[in-house]
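# Residue-level structure breakdown
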Amino acid sequence: MQSIKKNNRIYLSGGGDEKQSLLLDKFFFSALPHNGRFLYISIALRGHRLYPTAPLWMNSVLKLHERNDVRFETADDPSMYKREGLKKFDGIYIGGGNTWSLMHELQDSGFSSLLIQYIEYGGFVYGGSAGAIILGKRIDTHDDENKVALKGVSGFDFLHNYSVACHFKDEQGDRFKAWAMNNNLPIVCLPEEAGLIIENGIALCIGTKPCTVYFADGVKKDFNPRESFSL
């Protein structure tokens with residue numbers, strides 16, 4: 001598990017569109033200072049038809065949240081960033097797409113070590129869908145095709161040994177109960193319209209649906225919106 005400073009904050013979205021994640025997104029965008037700036041990492045969509053339009057989509061999200069003062073930079077080539085350069089950003093937003101390719105590209109570019117340092121030194125990081133999954137203990141919690149032949153399943157482990165599943169539906173309960181027991185690890189399952197804000201080792205459920213946790217012994221616990229639990 002990574003060593004995390006107390007003043008950092010991690011936002012995890014269960015996925016969906018900008019209306020489904022509206023309540024969680026509001027917390028992230030309202031935390032950015034006036035005339036703030038964040039780095040938008042959309043590379044999980046690389047190769048998808050939506051990839052070229054990702055910056056336009058982010059502009060529409062900022063408009064939705066009435067943050068026309070905020071600017072962002074889209075990271076098309078993560079290898080171009082250095083530690084000092086990241087200090088100019090008030091947050092990092094990691095979007096959804098293919099989880100395997102996202103993790104592979106972050107590792108291969110060397111950006112993974114920068115992300116660790118950014119969070120360790122108190123940064124604000126938002127992960128949506130695949131972007132949320134990679135922040136957990138393991139990333140093999142989804143059905144994405146592993147086209148990049150990534151062999152490892154380790155995530156960044158910023159969540160105190162918890163893994164993350166997104167786009168969760170109730171009928172998937174047995175699957176993730178078995179996953180938790182087989183891997184002897186807890187997993188938090190986030191449906192669309194739900195997310196978590198993690199700060200000081202406390203996870204706060206945000207949205208219109210509960211966040212579901214399966215513990216390593218198979219025990220299930222639902223946490224309703226605005227309910228929190230310790231990681």
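## A short note on the overall build of the chain
Each helix and strand in the chain was counted, giving seven helices and 12 strands. The C-alpha atoms of the chain give a radius of gyration of 16 Å, which matches the 17 Å a tight globule of 231 residues would have. Within the chain, contacts between residues at least 6 apart in sequence are counted, and of these 70% link residues at least 24 apart. Total accessible area computed for the chain in this model is approximately 10800 Å², and 48% of it derives from carbon and sulfur atoms. Within the chain, one finds 26 positive and 27 negative side-chain charges whose respective centroids are separated by 4 Å.

## What about the environment of P210?
Positionally, P210 belongs in the loop between β9 (202-207) and β10 (211-214). Residue class for P210 comes out partly exposed when judged on its relative accessible area of 32%. Taking the C-alpha atoms as reference, P210 lies 13 Å from A165; in sequence the two are 45 residues apart. When neighbours within four sequence positions are excluded, P210 is seen to be in contact with P191, A194, C205, D222, F223, N224 and P225.

## Points about the pattern of salt bridges
Following the criterion strictly, the structure yields 11 salt bridges and no others. One salt bridge in this structure joins E105 and R46, with 2.6 Å as the shortest N-O distance. Highlighted residues: E105 in helix α4 (residues 99-109) and R46 in the loop between β2 (37-41) and α2 (54-64), separated in sequence by 59 residues. Taking relative accessible area as the criterion, R46 reaches 36% and is therefore assigned partly exposed. A salt bridge links D157 to K137; the shortest N-O distance between them is 3.6 Å. With D157 in the loop between α6 (130-133) and β6 (163-166) and K137 in the loop between α6 and β6, this pair connects stretches of sequence that are 20 residues apart.

## What to know about the environment of L86
Its place among the elements puts L86 in helix α3 (residues 83-86). Take L86: its relative accessible area is 2%, and that puts it in the buried class. Along the sequence, L86 and S30 sit 56 residues apart, while their C-alpha atoms lie 20 Å from each other. Every residue in contact with L86, bar those within four places of it in the chain, is listed here: L39, Y81, F111, L114 and Y118.

## Focus on α4
The α-helix winds at 3.6 residues per turn, so residues separated by three or four positions along the chain end up facing the same way. Among the residues of α4, T99, W100, S101, L102, M103, E105 and L106 are the ones counted as buried. For α4, the capping residue at the N-terminal end is N98, with a side-chain oxygen 3.0 Å from the backbone nitrogen of W100.

## Remarks on the confidence of the model for the chain
Averaged over every residue, the pLDDT of the chain is 95; the share at 70 or more is 97%. For the stretch residues 1-6, pLDDT sits under 50, and the model shows 15 contacts to residues farther than four places along the chain or on other chains.

## Some details on the sheet that holds β10
With mixed pairing, the four strands of this open sheet are ordered in space as β6-β7-β10-β11. Whereas interior strands pair on both sides, the edge strands pair on one side only; in this sheet they are β6 and β11 (220-223). Direction aside, the axes of adjacent strands within the sheet are offset by 20° on average. Of the strand pairs in this sheet, β10 and β11 are connected by four bridges, and their pairing is antiparallel.

## With respect to α2
For α2, the complete set of buried residues consists of A54, M58, V61 and L62. An end-on view of α2 places all buried positions within 100° of arc, on one side of the element. Exposed side chains of α2 directed beyond 90 degrees from the buried face belong to L56 and K63. In this fold, the buried residues of α2 make contact with α1 (22-31), β2, β3 (71-74) and β4 (91-94).

## A short note on the sheet that holds β2
With mixed pairing, eight strands are arranged side by side in an open sheet as β3-β2-β4-β5-β1-β8-β9-β12. Looking along the sheet, the strands with just one partner apiece sit at the ends: β3 and β12 (228-230). Pairs of neighbouring strands in the sheet enclose a mean axial angle of 20°, with direction left out of account. Together, β1 (9-13), β2, β4, β5 (124-128), β8 (194-199) and β9 form the strand contacts of α1, whose direction differs from that of β1 by roughly 150°. Helix α5 (residues 111-120) rests against β1, β2, β4 and β5 of the sheet, and its axis sits at about 130° to β4.

Calculation criteria
Residues numbered from 1 in each chain as written. Predicted model: local features only at pLDDT ≥ 70, side-chain atom pairs only at ≥ 80, totals over all residues. Heavy atoms only, no water. Helix = DSSP H or I, 4+ residues; strand = E, 2+ residues; numbered from the N terminus. Rg over C-alpha atoms; globule rule 2.2 N^0.38 Å. Contact = heavy atoms within 4.5 Å. Areas by Shrake-Rupley, 256 points an atom, 1.4 Å probe, with all protein chains shown as cover. Lys, Arg positive; Asp, Glu negative; His and termini not counted. Charge placed at Lys NZ, Arg CZ, Asp CG, Glu CD. Buried < 20%, exposed > 50% of the residue type's maximum accessible area, 1.4 Å probe, protein only. Salt bridge = Lys/Arg side-chain N within 4 Å of Asp/Glu carboxyl O. Polar contact = N/O pair within 3.5 Å; in protein donor to acceptor, adjacent residues only side chain to side chain. pLDDT = per-residue confidence, 0-100. Pairing = 2+ DSSP bridges. Axes fitted to C-alpha atoms, helices over the stretch in contact; angles between N-to-C directions. Arc of directions from axis to C-beta.

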